[in-house]
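Take a look at the letters that make up each chain.
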Amino acid sequence: EDKYGRQTMRAKTFGLTLLVIPLVAGCTSAPRVSGNGSEYFLSRSVTVASGGEVRLGFVTALNPDCSEIPGTSVRLITAPAHGRFRQERSTGFSDFTRNNPRAACNARRTPGLQLRYAADPNYRGSDSFSYDRYTTDGKVIHHTVTVEVR
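Residues numbered from 1 in each chain as written. Predicted model: local features only at pLDDT ≥ 70, side-chain atom pairs only at ≥ 80, totals over all residues. Heavy atoms only, no water.

Caption draft 1: Layout of the packing of aromatic side chains. Within the structure shown, the criterion is met by four aromatic pairs. Taking the centre distance of 5.5 Å and the plane angle of 45° together, the rings of Phe85 and Phe129 count as tilted. Pair noted here: Phe85 is in strand β8 (residues 83–92) and Phe129 is in strand β10 (residues 125–134), with a separation of 44 residues, a long-range link. Classification of Phe85 as buried rests on a relative accessible area of 14%. Here the aromatic cluster, defined as three or more aromatic residues joined through ring pairs, consists of Phe85, Tyr117, Phe129 and Tyr131. (Phe/Tyr/Trp six-rings, centres within 6.5 Å; stacked < 30°, edge-to-face > 60°. Helix = DSSP H or I, 4+ residues; strand = E, 2+ residues; numbered from the N terminus. Buried < 20%, exposed > 50% of the residue type's maximum accessible area, 1.4 Å probe, protein only.)

Caption draft 2: Quick look at the environment of Phe93. Looking at where Phe93 falls in the secondary structure, it is placed in the loop between β8 and β9 (110–119). Residue classification places Phe93 among the buried positions, given a relative accessible area of 12%. Once the C-alpha coordinates of Phe93 and Thr110 are considered, the two residues, 17 residues apart in sequence, prove to be 6.3 Å apart.

Caption draft 3: View of the nonpolar core. Leu56, Leu115, Tyr117, Phe129 and Val147 are the most contacted members of the largest nonpolar core, which has 17 residues in total. Residue assignment for this core shows that the elements contributing at least two residues are β5 (39–48), β6 (53–59), β9, β10 and β11 (140–149). No other element matches β9, which puts four residues into this core. (Core = buried A, V, L, I, M, F, W, Y, C linked by side-chain atoms within 4.5 Å.)

Caption draft 4: Expanded view of the environment of Arg116. Structurally, Arg116 is set in strand β9. Along the primary structure Arg116 and Gln87 are separated by 29 residues, whereas in three dimensions their C-alpha atoms are 6.4 Å apart.

Structural data, given as structure tokens:
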């Protein structure tokens with residue numbers, strides 16, 4: 001993870017071989033998004049080592065002074081068959097755009113939920129699960145995650 005708690009990847013070269021070393025034993029792709037204003041659908045793919053864990057994201061709702069707005073929640077809809085989806089109260093770094101009045105909050109840890117997937121040991125293959133995120137302003141974001149366990 002970088003200093004803001006976001007998933008990062010580093011590349012190292014050895015001779016002519018390029019190896020990508022994912023941190024936290026997994027990597028994620030950019031999500032595909034569709035929606036209508038009050039309901040959104042996101043699908044994404046992640047890769048994780050057998051027995052490893054990947055960070056899916058940090059969920060929070062903040063006021064411009066960086067205090068938390070209570071009410072954001074996440075509910076597992078379809079459990080993964082070959083791993084565990086985990087959410088825990090924690091602190092992390094938000095990712096507001098530069099022109100958002102909350103952008104200054106990105107530089108410090110704030111309260112929220114860390115979301116993670118841990119693959120079962122000795123399993124290799126595909127897995128998937130879905131969860132819904134409920135925002136403080138009444139929106140629902142349906143997440144579908146496809147996992148490649150290597």
